[in-house]
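# Structural overview for review
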Amino acid sequence: MAENYYDLKTDAVDRLVNAEAAPRVPDAEIKKYTSKGKKRIPTWLKICFVKFWFSGAMCYFFLWGLGTYISGLDLMFVLAVGLGLSVDLLVNHLLRYFEPEKGAYNKWMMITTRKFWSIFINVIYSGLVLFCIVSTYNMINTILVGDIETAQRVAVPVEPILFGLLYMGFDMLFITVKNTIIKVFRDAEAKVAGDRKQSS
């Protein structure tokens, strides 16, 4: 028995290595076991945090950083450009990098194409979101302190955390509307195609 101690039975290993008709295990099945016991953060929460963090950072650097040098519409224009650039070059790029397969996170972006002109569209879109944010601030302060032009103080000043939350909220609202419209059109096209197939 002692002399056969190191006599390894390798037949079973050889059969497994040389197996040709082994069934392919889906990636989803493998993930069940590799992630067992781990608490995963939901995808939507991670994406919302990324959108919130970058827009809050733009508020901090542009609105707070340049607010002493420029003001009014000039400051809003610079902020819209900064937000648009951060969305196009940082946020969307980050989402594309971490998506499990190509196009999986397109539903979380307003502009899904990556071309040179997408920067300009993202700047315009960020300007629209910024307009909604400024209107929200004005509405809240008007309700709390009356006419902001003559008010002694501002009840809710602009700061990065609330600004980031508002940007993320309006962005997700507009993206949801866009996705709903696309779904309605796709469903209508599928219905028309199905009706044509039945009639033929």
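For the structure, check the block above.
Remember, predicted model here, so these are calculated numbers, not experimental data.

Counting secondary structure elements, the protein contains six helices and zero strands. Along the protein, from the amino end to the carboxyl end, the secondary structure elements read α-α-α-α-α-α. Here the protein holds 200 residues, and the buried ones make up 28% of them. By sequence separation, contacts in the protein at least 24 residues apart represent 68% of the contacts at least 6 residues apart. Surface summary for the protein: the accessible area is close to 15000 Å², and the carbon and sulfur share equals 65%.

Right, let's talk about a nonpolar patch on the surface for a bit. Side chains of Phe116, Trp117, Phe120 and Ile121 sit close together on the surface and give an oily, nonpolar patch of about 460 Å² of accessible area. Looking at the element boundaries, Phe116 is found in the loop between helix H4 (72-98) and helix H5 (118-145).

Moving on, we get to the packing of helix H3 (residues 43-66) against H4. At their nearest, the axes of H3 and H4 sit 10 Å apart, and the two run at 150 degrees to each other. Comparing the axis directions of H3 and H4 gives the class roughly antiparallel. Between H3 and H4 the crossing geometry is right-handed. When H3 is examined against H4, the residues Ile47, Val50, Lys51, Phe54, Ser55, Met58, Cys59, Phe62, Leu63 and Leu66 are found in contact with a partner set consisting of Leu75, Met76, Val78, Leu79, Gly82, Leu83, Ser86, Leu90, Val91, Leu94 and Leu95.

Glancing now at the packing of aromatic side chains. Aromatic rings considered in pairs are described by the distance between their centres and by the relative angle of their planes. This model, assessed by the stated rule, comprises seven aromatic pairs. Seen in terms of ring centroids, Trp53 and Phe54 are 5.2 Å apart; in terms of plane orientation they differ by 85 degrees. Their pairing is edge-to-face. Seen in terms of ring centroids, Tyr60 and Trp64 are 5.8 Å apart; in terms of plane orientation they differ by 50 degrees. Their pairing is tilted. With Tyr60 and Trp64 both in helix H3, this residue pair falls four residues apart, about one helical turn. Judged by relative accessible area, Tyr60 falls into the partly exposed class, the value being 44%. You can call Trp64 partly exposed: its relative accessible area is 44%.

What follows covers the environment of Tyr167. Assignment of secondary structure puts Tyr167 in helix H6 (residues 160-199). Remark: the alpha-carbon pair of Tyr167 and Leu83, spanning 84 residues in sequence, is separated by 9.7 Å. Every residue in contact with Tyr167, bar those within four places of it in the chain, is listed here: Ser55, Leu83, Val87, Ser126, Val129 and Ile133.

Of all hydrophobic cores here, the largest spans 22 residues; its most connected members are Leu79, Leu83, Ile133 and Phe163. Counting only elements with at least two residues in this core, the list comes to H3, H4, H5 and H6. A total of six residues in this core trace back to one element, the largest contributor, which is H5. Once you skip the residues sitting within four places of it in the chain, Leu79 turns out to touch Met58, Cys59, Phe62, Leu63, Leu130 and Phe163.

Rules and cut-offs
Residues numbered from 1 in each chain as written. Predicted model: local features only at pLDDT ≥ 70, side-chain atom pairs only at ≥ 80, totals over all residues. Heavy atoms only, no water. Helix = DSSP H or I, 4+ residues; strand = E, 2+ residues; numbered from the N terminus. Buried < 20%, exposed > 50% of the residue type's maximum accessible area, 1.4 Å probe, protein only. Contact = heavy atoms within 4.5 Å. Areas by Shrake-Rupley, 256 points an atom, 1.4 Å probe, with all protein chains shown as cover. Patch = residues over 30% accessible without salt bridge, like charges linked within 9 Å, V, L, I, M, F, W, Y side chains within 5 Å. Salt bridge = Lys/Arg side-chain N within 4 Å of Asp/Glu carboxyl O. Axes fitted to C-alpha atoms, helices over the stretch in contact; angles between N-to-C directions. Parallel < 35°, antiparallel > 145°, perpendicular 65-115°, else oblique. Left-handed = near helix turned anticlockwise from the far one by under 90°. Phe/Tyr/Trp six-rings, centres within 6.5 Å; stacked < 30°, edge-to-face > 60°. Core = buried A, V, L, I, M, F, W, Y, C linked by side-chain atoms within 4.5 Å.

None of this, on its own, says anything about what the molecule does.
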